[in-house]
Amino acid sequence: GYSFPLWAAKGAIPINNLLFLGIIFKLDISTLSVWILVNGVIKTPIFSIQGYLEILADGAVEDSKAAMKYIGKSQANVQRLVQLVNDIDIITNLEINKEPLLKHQFIIQDTIRDVVNNLSLKLEQKNVQFSFKKGCENPIQVFADKNKIYQVLVNIISNASKYGKIDGNITA
């Protein structure tokens, strides 16, 4: 199953990091470093789409079953690119302070449960189960922007459901 470490230790944890595509960035890292990483992450779906289109152009389009397979894979990679652009937009807005961080203390498990409950239909469609890692059931207070953390969790859990296995597990 999938395991996403959402906190490092028990107690109040200041969250001064941004989770982007499963990579935690310090908010004060150089823009160049971010773009180097983003460049690498964006290349994967672009090259995948390119490969699928080449397969279709080389004759797979004549086999309707194969064509649908590669079209579906291309569409999934296009969706991944859309998500990447949305993530970049969030980072850009944070960088230029368009969206100020509204930090306060809250219990992270409650927020995770809210996200899982709101995405329950998606999870049920693929029979994906959710659980907390053993030892992480006790309430952990964090000091962060709850709405931003909620958005990150929706992204992570949605992607785990979308790209994960049928009958899979998500562990936080």
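Just above, that's the structure.
A.B. asks: So what exactly am I meant to see when it comes to the nonpolar core here?
C.D. replies: Nonpolar side chains tend toward joint burial in soluble globular proteins. Among the nonpolar cores identified, the biggest contains 18 residues, and F106, I108, I112, L123, I149, I157 and I170 are the most heavily contacted of them. Elements that contribute at least two residues to this core include exactly α3 (108-118), β7 (141-145) and α5 (146-163). The residues contacting I157, other than those within four sequence positions of it, are V115, V116, L119, L123 and I170. Counting six residues, the second-largest nonpolar core is a separate cluster that includes Y52, L56, A66 and Y70.

A.B. asks: What is the right way to read unusual backbone geometry from this model?
C.D. replies: In this structure, N127 is a non-glycine residue whose phi angle is positive, near 50°. In this fold, N127 is placed in the loop between α4 (120-125) and β6 (129-131). Phi at D167 is positive, roughly 65°, even though this residue is not glycine.

A.B. asks: I keep staring at the pattern of salt bridges and nothing clicks. Help me out?
C.D. replies: Opposite charge on two side chains permits pairing when their charged atoms draw close. Overall, the coordinates contain two salt bridges when judged by the stated rule. Salt-bridge contacts for D110 lead to R113; the nearest nitrogen and oxygen are separated by 3.2 Å. Of this pair, D110 and R113 both sit in helix α3, three residues apart, which is roughly one turn of the helix. Assessed through its relative accessible area of 40%, D110 is described here as partly exposed. Using a relative accessible area of 35% as the deciding quantity, one classes R113 as partly exposed. Between K148 and D145 there is a salt bridge, with the nearest N and O atoms lying 3.8 Å from each other. Residue K148 is classed as buried on the basis of its relative accessible area of 16%. Assessed through its relative accessible area of 6%, D145 is described here as buried.

Rules and cut-offs
- Residues numbered from 1 in each chain as written.
- Predicted model: local features only at pLDDT ≥ 70, side-chain atom pairs only at ≥ 80, totals over all residues.
- Heavy atoms only, no water.
- Core = buried A, V, L, I, M, F, W, Y, C linked by side-chain atoms within 4.5 Å.
- Buried < 20%, exposed > 50% of the residue type's maximum accessible area, 1.4 Å probe, protein only.
- Helix = DSSP H or I, 4+ residues; strand = E, 2+ residues; numbered from the N terminus.
- Contact = heavy atoms within 4.5 Å.
- Salt bridge = Lys/Arg side-chain N within 4 Å of Asp/Glu carboxyl O.

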